[in-house]
Amino acid sequence: DPRGLYTCRTGEKVYSLQVYYRMCQNCIEVDAPTISGIVIADVVATVFLAVAVYCITGQDKGRMSRGEGRALLAARGWGQ
């Protein structure tokens, strides 16, 4: 435990230093493997989300597009 009062004596002079140190109870060590794991997990999650959005939006093939409805109206003479 590094907390406490430290003193330094040089000849007749005395210097003191009070050290307050608080340890983190819920901290994790952030080193290179931890950061690389977070980055890889983020990339995998982003790719998974992109594939999911692509698959969901690709299933709306049965709906008419905007141009198809206008072509029918123009053929009947109503679109003028």
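What counts, and where the lines are drawn
- Residues numbered from 1 in each chain as written.
- Predicted model: local features only at pLDDT ≥ 70, side-chain atom pairs only at ≥ 80, totals over all residues.
- Heavy atoms only, no water.
- Helix = DSSP H or I, 4+ residues; strand = E, 2+ residues; numbered from the N terminus.
- Buried < 20%, exposed > 50% of the residue type's maximum accessible area, 1.4 Å probe, protein only.
- Areas by Shrake-Rupley, 256 points an atom, 1.4 Å probe, with all protein chains shown as cover.
- UniProt positions renumbered as here; feature names shortened; annotations may be inferred.
- Patch = residues over 30% accessible without salt bridge, like charges linked within 9 Å, V, L, I, M, F, W, Y side chains within 5 Å.
- Salt bridge = Lys/Arg side-chain N within 4 Å of Asp/Glu carboxyl O.
- Pairing = 2+ DSSP bridges.

Enquirer: Can you walk me through the overall build of the protein in this structure?
Expert: Of the regular secondary structure elements, the protein holds two helices and two strands. The order of helices and strands in the protein, counted from the N terminus, is β-β-α-α. Looking at the protein residue by residue over its 80 residues, the buried ones come to 0%. Carbon together with sulfur atoms contributes 60% to the accessible area of the protein, which is approximately 8,100 Å² in total.

Enquirer: For this particular structure, what's the right way to read the UniProt feature "transmembrane region" (unreviewed entry) in the protein?
Expert: Within this structure's numbering, the places UniProt gives as "transmembrane region" (unreviewed entry) are residues 35–56. Within the segment residues 35–56, helix and strand shares are 100% and 0% respectively, and the terminal C-alpha atoms sit 32 Å apart.

Enquirer: Would you take a moment to explain a nonpolar patch on the surface for this structure?
Expert: Where nonpolar side chains cluster on the molecular surface, the patch consists of Ile-28, Val-30, Ile-35, Val-39, Val-43, Val-47 and Val-51 and spans about 640 Å² of accessible area. Since its relative accessible area comes to 57%, Val-30 is described here as exposed.

Enquirer: Any chance you could explain the pairing of strand β2 (residues 13–19) here in plain terms?
Expert: Residues in a regular strand project their side chains so that they alternate between the two faces of the sheet. Of all the seven residues making up β2, zero are buried; the element is thus mostly uncovered. Bridging between strand β1 (residues 4–10) and β2 involves seven bridges; their strand directions are antiparallel. Pairing of Arg-9 across the sheet is with Val-14, part of β2. Linking two consecutive strands that pair antiparallel, namely β1 and β2, is a turn of two residues; a positive phi of about 70° is found at Gly-11 within it.

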